[in-house]
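Breakdown of the fold
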Amino acid sequence: MRREERARLFALLRDADEECGDHGGVELYGVELPGGSAATITVNGRPHGSWTSCERVADRLGLHLVWLDPEPGL
């Protein structure tokens, strides 16, 4: 399947902040929708937002994008 024909799951991770005792971890889960837009939910499953791309939300919130599904075509 081509990228625009299938959804792909991702997670957005925050960095650890040892001064505050935060070990980092998953901040949001999301799905890249066919066509490239994305939707995110909190780790508790509550809706968070819709975005023009998963890269956009990662950049906007200062989080690291990690794909949970293999690359398209694999």
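Scoring rules and cut-offs
- Residues numbered from 1 in each chain as written.
- Predicted model: local features only at pLDDT ≥ 70, side-chain atom pairs only at ≥ 80, totals over all residues.
- Heavy atoms only, no water.
- Helix = DSSP H or I, 4+ residues; strand = E, 2+ residues; numbered from the N terminus.
- Buried < 20%, exposed > 50% of the residue type's maximum accessible area, 1.4 Å probe, protein only.
- Contact = heavy atoms within 4.5 Å.
- Areas by Shrake-Rupley, 256 points an atom, 1.4 Å probe, with all protein chains shown as cover.
- Pairing = 2+ DSSP bridges.

A short note on the overall build of the chain
Summing up its helical and strand segments, the chain has one helix and five strands in all. Sequence-ordered secondary structure for the chain, helices as α and strands as β, is β-β-β-β-α-β. Here the chain holds 74 residues, and the buried ones make up 22% of them. When contacts within the chain are restricted to residue pairs at least 6 apart in sequence, long-range pairs at least 24 apart make up 41% of them. Total accessible area on the chain is roughly 5,000 Å²; 50% of this is exposed by carbon and sulfur atoms.

Here's the deal with the pairing of strand β3 (residues 38–42)
Each regular strand shows side chains that alternate between the opposite faces of the sheet. Pairing geometry for strand β2 (residues 25–32) and β3, over five bridges, is antiparallel. Considered in β3, the bridge of Glu32 is made with Ala38. Linking β2 to β3, which pair antiparallel, is a turn of five residues; within it Gly35 sits at a positive phi near 100°. Judged from the four bridges that link them, β3 and strand β4 (residues 47–51) form a sheet pairing that is antiparallel. Within β4, the residue paired with Thr40 across the bridge is Gly49. Where β3 folds back on β4, the antiparallel hairpin that results is connected by four residues, among which Gly45 adopts a positive phi of roughly 90°.

These results come straight from atomic positions and should not be treated as a statement about function.
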